[in-house]
Amino acid sequence: MFHKKDPFSGSELVIDVQPNVISAEITAQLVINCSVTNNEVQQLDVIRSLTLSRYNETLKEFLDLLTLEAKTLNLSQLVQLHHAQISFGNLSISLTLHTPTQFDAKVYRCKVEGDKTNAANSSIVAKKEVEYRTNTTALIEEIRRLKIVEKNDQCTLEKKDLTASQQRTKLHFVGSSKVIKELIEPLTLTCSLQDLDRNSTVQFMYILHEPIGVIATINKDQPVVTTKQESNFNMAKGKLSDTKTKASFIEVSWSYLKSSESGNYFCGAHVMEPDGRSERLNEMLAITISNLTFDDLVKVIQKLLRQADIEKEKILENKQNIYHIKEDINSKQQNIKSIKDGLDTNRQNINIIKDNLETSRQNIKSITDDLNANKQNIASHNNELNSLRQMVNNVQGDISICKESIHSISIDLDTNKQSIARHNNELNSFRQKVNSLEDDLRTNKQSLQSITYEVNTNKQNINQLKEDLKSNEQKIQNITEDVNTNRLNIMNINKDLNTSQQSMRKLETDLETQLTNLSTTLTSIQKEIEKVPPISCREIISTHNRVIVKLLSGLKVMCDTKTDGGGWIIFQRRINGKIDFYRGWQVYRDGFGDYSIGEFYLGNENIFNLTSTGQYDLRIDLEFNNTKYFAQYENFKILSETEKYKLKIGNYSGNAGDNLSYHNNMFFSTFDRDNDNSGTNCAEYSSGAWWYEDCHRSNLNGQWARTSYPKGMIWYQLTGSSNCVSLSEMKIREREKNYFH
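My aim in this report is to walk through the structure given alongside it, one point at a time. In this text, all values refer to a predicted model and were calculated from it rather than measured experimentally.

**A short note on the overall build of the protein**
Phase 1: When helices and strands are counted, the protein shows nine helices and 33 strands.
Phase 2: With 741 residues in all, the protein has 33% of them scored as buried.
Phase 3: The contacts in the protein between residues at least 6 apart in sequence include a share of 55% that link residues at least 24 apart.
Phase 4: Roughly 45000 Å² of accessible area belongs to the protein as shown, and the carbon and sulfur atoms make up 49% of that amount.

This is the structure we're talking about:
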């Protein structure tokens, strides 16, 4: 599991021992590292010295072995050490003890001394204990015994009794051949033990060479085969069985043998009987490494030529694959071009929307102009109303003149009536004088007729005036109705204008209110969003290349904020070899490592939970021979623990070469959970944990700086089989969603 320490809490004092358990004549070397990370410690302002000490049980105190002065980098060796190698750097000391003994199994202490702000002569210490195990004592004694009696081994075997002969038949020791061609043919030695009595247990087995010594061992307390052969070692495997039906065995294989490796090879086993008795079984096999002849060289050359032909065919096949990859890239470029065309179309649509908005603005301006024109029309109508009022006043003046004319005519009529009355009176007077005044009578008759004619004429004129008056009254009534109608229309237009102006003012007020509310809401939402933890590393923006964040899910991760635009969640990182990656199933499930050291594995369960929520890309950054490479895969995910964290990846891109597709659809394997397709345990064989097939073309969880195949951090197309990468960083990023589909 990850350390609880915050990776940003500063630097620290570190002591590390490898291994932490030693055994006599088995452990080749013991390494003690004492260092200050980042050259500073939080509790000290000034560092003066760094000291490596070892506990003395007799004195009951720590004795200083080495002291390094921080300012001058002057190293002082305070105790004489035999078979030791010492190295030091800036605030770091490394002590290597070759062939350590039980005396070296002590508690080691790393102490840094300096000053604080408020105190002087302060110190901080870190301790690690090295244990000594004696559970391989029987094996050591057996090795010693064989070294003493190996010259007389044949004689000893001939003198064994029948029981020993039966025991020897239980142990079988065979080689791939008794005569091996030097540097050409590999050698495989297999030692097996079967037909054990019921309840018997095998304590340990070994294979050793007469002059060289122990080649490989396996014991009950350490079920993994250990070996001292490294330069040309190919394979070592074995298993100790407690049942009668299954055989115990140990098997080793190596190549490029030399003539010095000829001689007697011994296979031995130590069996514990139910009654407490112990049996020691051994077998010998003579192996000859013969020198090469000219015919052997010819055969090798022919084999190499055939292999070259095969490699040529593979190269042709790879060229075809490269051609297909180029076609795939061209197809993807076409897809990218179509996406760009879609983006251009969207930009055109956005421009059309902008044009529509501009047209709407122009329409609003046109409506405003129409309102201004209506105002001008209303002013014109007001002018027309004023003209109509003037005409009405003129008509009223004409009516007044007509009334005065009628009044004058009425006065004339009254005058005429009075004249008629007066003439009637005179007529009566003349009637009295009719007889005497006939001449006057005729004259009066003529006058009377003339007056009658004038009266009739006056009547006709009065009737005509009455008709004209009625016509004028009708016109005035029509004009009055038109004026009233125009007034109503003007009032309605004014009401509509007032209503429109009120609606526009209300609309402007509502829009301002909505914009204010929207701005307030957006501000509050932005504040709330800033309070919420990020969902993924895509939301992280930082000036630092690597930052540690806690996601909304509660998972603490390291983010890569710069590579290819950033947004990567790093789930595997190896930069200095300080963390051991040869771990079991449960540890790889839950995760391990330390962000402050810079090496960790996030855990398969956490990777499953992340990749099951969406589509992710995988990027693997590597460094080999001071050159950076990368490999990227689409649609990366791993399945759940019930499906053994099965690997799923899509198309590859990058410059490191595709060495992961070989492992696609494979289960995850560790040394205690073998899920591969091989007859061997690939995790144990490769000293790692991976999605092994049979076994691997990449092994980024293998041993740090291991240069022998297949145990190192291998990316085959870069490292081949005999090198390893110096940096590995595996990271995932959620794919961007395409909103145009």
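**A look at the packing of aromatic side chains**
Phase 1: On inspection of all chains with the given rule, the structure shows 16 aromatic pairs.
Phase 2: Ring geometry for Tyr588 against Tyr601: centres 4.9 Å apart, planes inclined by 70°, an arrangement best described as edge-to-face. With Tyr588 in helix α6 (residues 585-590) and Tyr601 in strand β26 (residues 599-601), this pair connects stretches of sequence that are 13 residues apart. Each member of the pair Tyr588 and Tyr601 is classed as buried.
Phase 3: With a centroid separation of 5.3 Å and an interplanar angle of 65°, the aromatic rings of Trp690 and Trp691 are classed as edge-to-face.

**Some thoughts on the state of the cysteines**
Phase 1: The tally for this structure, following the rule as stated, stands at four disulfides.
Phase 2: Paired by a disulfide, Cys191 and Cys267 hold their sulfur atoms 1.4 Å apart. Of the two residues, Cys191 sits in strand β14 (residues 187-193) while Cys267 sits in strand β20 (residues 263-272), which places them 76 residues apart along the sequence.
Phase 3: A sulfur-sulfur distance of 1.9 Å marks the disulfide that ties Cys682 to Cys695. Between Cys682 and Cys695, the disulfide has an S-S torsion of -75° and is therefore left-handed. With Cys682 in helix α8 (residues 682-686) and Cys695 in the loop between α8 and β31 (698-699), this pair connects stretches of sequence that are 13 residues apart.
Phase 4: Take Cys682: its relative accessible area is 0%, and that puts it in the buried class.

**Some points on the pairing of strand β19 (residues 248-254)**
Phase 1: Burial within β19 is extensive, with six of its seven residues counted as buried.
Phase 2: Of the pairings in the sheet, the one linking β14 to β19 comprises seven bridges and is antiparallel in character. Paired with Leu187 across the two strands is Trp254, which belongs to β19.

**Quick word on the pattern of salt bridges**
Phase 1: If you walk through the whole model with that rule in mind, you get 19 salt bridges.
Phase 2: The salt bridge involving Asp115 is made with Arg48; its shortest N-O contact spans 2.5 Å. You can see Asp115 sitting in strand β9 (residues 107-115) and its partner Arg48 sitting in strand β4 (residues 46-56), a full 67 residues away along the chain.
Phase 3: Judged by relative accessible area, Asp115 falls into the partly exposed class, the value being 22%.
Phase 4: Here Arg48 falls in the partly exposed class, since its relative accessible area comes to 33%.
Phase 5: Here Asp564 and Arg733 are joined by a salt bridge, their closest N and O atoms 3.2 Å apart. Pair noted here: Asp564 is in the loop between β23 (556-560) and β24 (568-574) and Arg733 is in strand β33 (residues 727-734), with a separation of 169 residues, a long-range link.

**Concerning helix α7 (residues 604-611)**
Phase 1: Of all the residues in α7, the buried ones are Asn604, Ile607, Leu610 and Thr611. Projected down its long axis, α7 shows its buried positions confined to an angular sector of 125°, all on one face.
Phase 2: Here the buried face of α7 lies against β24, α6, β26, β27 (616-624), β28 (627-638) and β33.

**So, the sheet that holds strand β8 (residues 92-98)**
Sheets are built from strands that pair by backbone hydrogen bonding, the pairs being arranged parallel or antiparallel.
Phase 1: Ordered by their spatial adjacency, four strands build an open sheet running β1-β3-β8-β7, and the pairing between neighbours is antiparallel. Either end of the sheet is taken by a strand with one partner, and the two such strands are β1 (13-18) and β7 (84-89). Strand after strand, the sheet turns through a mean of 10° between neighbouring axes, direction not considered.
Phase 2: One ladder, built from six bridges, connects β7 with β8; its direction is antiparallel. Paired with Gln85 across the bridge in β8 is Thr96.

Definitions and limits used
- Residues numbered from 1 in each chain as written.
- Predicted model: local features only at pLDDT ≥ 70, side-chain atom pairs only at ≥ 80, totals over all residues.
- Heavy atoms only, no water.
- Helix = DSSP H or I, 4+ residues; strand = E, 2+ residues; numbered from the N terminus.
- Buried < 20%, exposed > 50% of the residue type's maximum accessible area, 1.4 Å probe, protein only.
- Contact = heavy atoms within 4.5 Å.
- Areas by Shrake-Rupley, 256 points an atom, 1.4 Å probe, with all protein chains shown as cover.
- Phe/Tyr/Trp six-rings, centres within 6.5 Å; stacked < 30°, edge-to-face > 60°.
- Disulfide = S-S within 2.5 Å.
- Pairing = 2+ DSSP bridges.
- Salt bridge = Lys/Arg side-chain N within 4 Å of Asp/Glu carboxyl O.
- Arc of directions from axis to C-beta.
- Axes fitted to C-alpha atoms, helices over the stretch in contact; angles between N-to-C directions.

Read these as layout, nothing more, since geometry by itself doesn't imply function.
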